[in-house]
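A look at the structure
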Amino acid sequence: MNSNTINKAADNIRILSAAMVEKARSGHPGGAMGGADFINILFSEFLRFDPDDLTFPERDRFFLDPGHMSPMLYSQLTLINAFSLDDLKNFRQWGSVTPGHPEVNVSRGIENTSGPLGQGHTFAVGAAITERFLASRFGEWMEHKTYAFISDGGVQEEISQGAGRLAGYLKLSNLIMFYDSNKIQLSTGTNAVTREDTAKKYEAWGWKVKTIDGNNADEIREALKEANAETEKPFLIIGETIMGKGCVTETGENFEGQSSTHGMPIGSAGASFEKTIANLGGDPENPFQIFPEVQEFYQEVLEKKRKEISEKKRLKEQWGKENPGLSKEYDFFLSGKAPEFDFSKVVQKENIATRAASGIVLGYFAREIENMIVASGDLSNSDKTDGFLKNTKAFTPDNFSGSFLQAGVSELTMGAVMNGMALHGGVIPAGGTFFVFSDYMKPAARMAALMELPVKYVWTHDAFRVGEDGPTHQPVEQEAQIRLMEHLRNHSGERSMLVLRPADAAETTVAWKMAIENTKTPTALILSRQGIKDLPTNGKSRYAEALQAEKGAYIVKNTEETPDLILIASGSEVSTLIEGTALLENEGLKVRVVSAISEGLFRDQDEAYQKEVIPDNVPVMGLTAGLPVTLVGLVGPKGKSIGLESFGYSAPAGVLDEKLGYTGENVFNKAMEYLKEYNK
């Protein structure tokens, strides 16, 4: 192996990275130039992939955490023919395949969307867990490594603590992370914000740590060999790199290690673009080139990769012939299709909390859906994910035969790990916590929506009825926040998240049906702490009627004639409306009650159905335990939405219902007031 060629390839990555940013007049060249040596050695000598099919399931994964270092990744992927030089020239332009921060595109070698620091390497933890989960079921023939690349900013983000703790506890020796430690941030040096000993921190979490010169190919190679040989611990390589490596000024003076090269073209940062390109061996007049010797070297690399992967494919084929049943199951897991499950057989108890109803459904899943992984943020006995746990067991170090992840008190970490599981593929991830703590998870939930990942959120204790715990634990504004994701479209044109708040146990079963069948976007289930009276039936089974919730909203109580008033709600407030309806009917009013589990889903129905449920020119009043704006889109411009407009209070749930007006009597009073206003 020619060390000159290896270094030439790294310089080629530096040249292309600098040129991309310079042409776009926007981007982050310095970090990409410093990290080039590591990614070059990783891809050319260690990362296992199929050059002809980058989606090959048993490939090694590479998760980039600092998405601003996208020029480095795009340049490296160009060397393996996943991108073209024209793609690089269109960096950060409209419609290009090289956006400013990488967006998941496995067929081009991009495993994850990255940008919010700290999340990318946490996705890698989820992928590493999934690899162990699948290997424990199908055999070590399918083993593969998960590599992550993190920066100073990612180490500082609080999520790194959760990721480091969890990976160390589970002894994920299949996880290898490179920490690009260049000691430079966007606006300062790292010495302005931290004095921690990063190596000791990770060692305390149970990682093996090795510090090297991150721009020295030989040291990188030896560290990766050691990391691949490690069988007990995740491995952190701290690579001390140079920001803007190779940068020089117009007069040829060294301009490496400057903070200014972090976030602007090097020609604007104080260096000379032309002199830097020349210093690295490139042509300043035409920097978008691959050196002939580098191109030849990577052609040899790709041939070696093909031979390696052909052996892997041979093992897979042999295993499939010897284990046809398992092979069929494995293929189904990887298909991403929804598993078949008969939801009509779920037996629910009467008048229970929807969190409890969810726990019952999860108990069935644990016994029948073999590729589901459920997690909880140290709340399994409260969010009722223990319905799943009681029928399996939690992951422990060296044992992934169970299907439950004890995430600990780290909701953001749990959310990002779930994303990593979904990105790896082959499993259905779900995670539970209190709805108010969805605030901690929203950065990961937003990334799941952006990446179109079918993760499932189990958010319980959905309203002020948490009671004595008081306003810190009582969600008020959270539902309005998360339902905004139903209004936001993803890049495939779908609503970016399916948000479901079921009104009773039967609707909860249906909500899980919708969640499992939704393989395109994340799904949020918002569930009650308190028991809810089952909604009335019209002679059918309650489950059969609740299936109408699949249209987002449906009539749960109707009148034979045109209604004088339509009452609409989701969750536990629907049963409160039913109580108020009895009082209104005593006054001779004809009342329709609508359960609206998802406004987004309802608005996706044809207009005729929407008008059938909520016709024009009929007064509509909504009741929500959240902000009134939650139902404004459903009640319409002439309607009235009643909700909370302040934080909650500490008191028993029943007292809060009375004090805050969530009673049948108050529904009656508010409806009569509204009808007077409406009919003026």
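Quick note: structure is the one above.
Summary of the structure given here. Just so you know, these numbers come straight off a predicted model, no measurement behind them. (Residues numbered from 1 in each chain as written. Predicted model: local features only at pLDDT ≥ 70, side-chain atom pairs only at ≥ 80, totals over all residues. Heavy atoms only, no water.)

1. What to know about the pattern of salt bridges
Inspection of the entire model under this criterion finds 47 salt bridges. We note a salt bridge from E317 to K321, for which the minimum N-O separation is 3.7 Å. Of this pair, E317 and K321 are both found in helix α12 (residues 292–322), four residues apart, which corresponds to roughly one turn of the helix. The exposure class assigned to K321 is exposed, which follows from its relative accessible area of 64%. Salt-bridge contacts for R501 lead to E479; the nearest nitrogen and oxygen are separated by 3.9 Å. (Salt bridge = Lys/Arg side-chain N within 4 Å of Asp/Glu carboxyl O. Helix = DSSP H or I, 4+ residues; strand = E, 2+ residues; numbered from the N terminus. Buried < 20%, exposed > 50% of the residue type's maximum accessible area, 1.4 Å probe, protein only.)

2. Here's the deal with the packing of helix α18 (residues 438–451) against helix α19 (residues 478–487)
Between α18 and α19, the least distance of the axes is 11 Å, while the angle of their chain directions is 5 degrees. In terms of their interaxial angle, α18 and α19 are classed as roughly parallel. Every residue of α19 that contacts α18 at S438, D439, K442, R446 and A449 is listed here: Q478, Q481, I482 and M485. Its residues placed into classes, the contact of α18 with α19 shows three nonpolar, three polar and three charged. (Axes fitted to C-alpha atoms, helices over the stretch in contact; angles between N-to-C directions. Parallel < 35°, antiparallel > 145°, perpendicular 65-115°, else oblique. Contact = heavy atoms within 4.5 Å. Nonpolar A, V, L, I, M, F, W, Y, C, P; charged D, E, K, R; others polar.)

3. Quick look at the packing of helix α2 (residues 29–46) against helix α3 (residues 70–79)
The contact between α2 and α3 brings their axes to 9 Å, and the two run at 35 degrees. Considering how the two elements wind past one another, α2 and α3 form a crossing that is right-handed. Counted together, A32, G35, A36, I39, N40 and F43 of α2 and P71, M72, L73, Q76 and L77 of α3 form the full contact between these two elements. Taken together, the residues that form the contact of α2 with α3 break down as eight nonpolar, three polar and no charged. (Left-handed = near helix turned anticlockwise from the far one by under 90°.)

4. Quick notes on helix α20 (residues 505–517)
When the terminal C-alpha atoms of α20 are compared, their 19 Å separation across 13 residues agrees well with the 18 Å that a helix rising 1.5 Å per residue should span. The buried fraction of α20 amounts to 12 of the 13 residues, a majority that puts the element mostly inside the structure. All of the buried residues in α20 are A505, A506, E507, T508, T509, V510, A511, W512, K513, M514, A515 and I516. Where α20 begins, one side-chain oxygen reaches toward the backbone nitrogen of A506, 3.3 Å away; that side chain belongs to D504. (Expected span 1.5 Å × (residues − 1). Polar contact = N/O pair within 3.5 Å; in protein donor to acceptor, adjacent residues only side chain to side chain.)

5. Examining the environment of L47
As for its position among the elements, L47 is in the loop between α2 and β1 (61–64). Residues L47 and G387, spaced 340 residues apart in sequence, show a C-alpha to C-alpha distance of 39 Å. In this structure L47 touches L42, D60, R61, F62, Y147 and K305, once residues within four positions along its chain are discounted.

6. Examining helix α1 (residues 3–24)
The terminal C-alpha atoms of α1, which comprises 22 residues, lie 32 Å apart, in line with the 32 Å expected from a rise of 1.5 Å per residue. Extensive coverage of α1 is indicated by the burial of 16 of its 22 residues. Where α1 begins, the side chain of N2 points an oxygen toward the backbone nitrogen of N4, at a separation of 2.8 Å.

7. Some details on the packing of aromatic side chains
Aromatic rings in a pair are described by how distant their centres are and how their planes are angled relative to each other. Taken as a whole, this structure holds 30 aromatic pairs when the rule is applied. Judged by centre distance (5.7 Å) and plane angle (80 degrees), the rings of W141 and Y330 are edge-to-face. With W141 in the loop between α5 (119–138) and β2 (146–151) and Y330 in helix α13 (residues 324–335), this residue pair connects regions lying 189 residues apart in the sequence. For W141, a relative accessible area of 12% corresponds to the buried category. In this structure Y330 comes out as buried when scored by relative accessible area, which is 1%. With 5.4 Å between their ring centres and 45 degrees between their planes, F149 and F178 make a pair best called tilted. Of the two residues, F149 is situated in strand β2 and F178 in strand β3 (residues 175–181); the sequence distance between them amounts to 29 residues. Comparing F149 with F178, the two get one shared label, buried. If you follow K8 out to its NZ or CZ, it ends over the ring of F291, 4.3 Å from the centre. (Phe/Tyr/Trp six-rings, centres within 6.5 Å; stacked < 30°, edge-to-face > 60°. Lys NZ or Arg CZ within 6 Å of the ring centre and 35° of its normal.)

8. Focus: the side chain of S376
As for its position among the elements, S376 is in strand β6 (residues 372–376). Judged by relative accessible area, S376 falls into the buried class, the value being 0%. Of the polar contacts made by the side chain of S376, one reaches the backbone nitrogen of L379; its length is 3.1 Å. Excluding residues within four positions of it along the chain, S376 makes contact with D383, T385, F404, L405, Q406, A407, G408, M414 and G432.

9. A look at the sheet that holds strand β11 (residues 523–526)
Read from one edge to the other, the open sheet built from six strands follows the order β7-β6-β8-β9-β11-β10, with strand pairing classed as parallel. Two strands in the sheet have a free side with no partner beyond their single neighbour: β7 (404–406) and β10 (498–500). Shown here is a sheet whose adjacent strand axes are inclined to one another by a mean of 15 degrees, direction ignored. (Pairing = 2+ DSSP bridges.)

10. Some details on unusual backbone geometry
Despite not being glycine, D398 has its phi angle at roughly 70 degrees, a positive value. As for its placement among the helices and strands, D398 is situated in the loop between α16 (386–389) and β7. We classify D398 as exposed; its relative accessible area is 53%.

11. Quick look at the nonpolar core
Among the nonpolar cores identified, the biggest contains 78 residues, and F365, M372, W512 and L567 are the most heavily contacted of them. Counting residues per element, this core draws most heavily on α20, at seven residues. With residues up to four places along the chain from it excluded, the contact list for F365 reads F341, F343, M372, F388, W512 and I516. By size, the runner-up hydrophobic cluster in this structure holds 67 residues, among which are A124, L134, F333 and M447. (Core = buried A, V, L, I, M, F, W, Y, C linked by side-chain atoms within 4.5 Å.)

12. Quick notes on the sheet that holds strand β5 (residues 235–240)
The parallel open sheet is built from five strands, whose spatial order is β1-β2-β3-β5-β4. Among the strands making up the open sheet, the edge pair consists of β1 and β4 (208–213). Between one strand axis and the next, the sheet turns through 20 degrees on average, direction left out of account. Direction of pairing for β2 relative to β3: parallel, over a ladder of six bridges. Residue pairing across strands places F149 opposite F178, the latter belonging to β3. Helix-sheet contacts for α5 involve β1, β2 and β3, and the interaxial angle to β2 is about 165 degrees. Those strands touched by helix α8 (residues 198–205) are β3, β4 and β5, and its axis lies near 155 degrees from that of β4.

That's the geometry; what it means functionally is another story.
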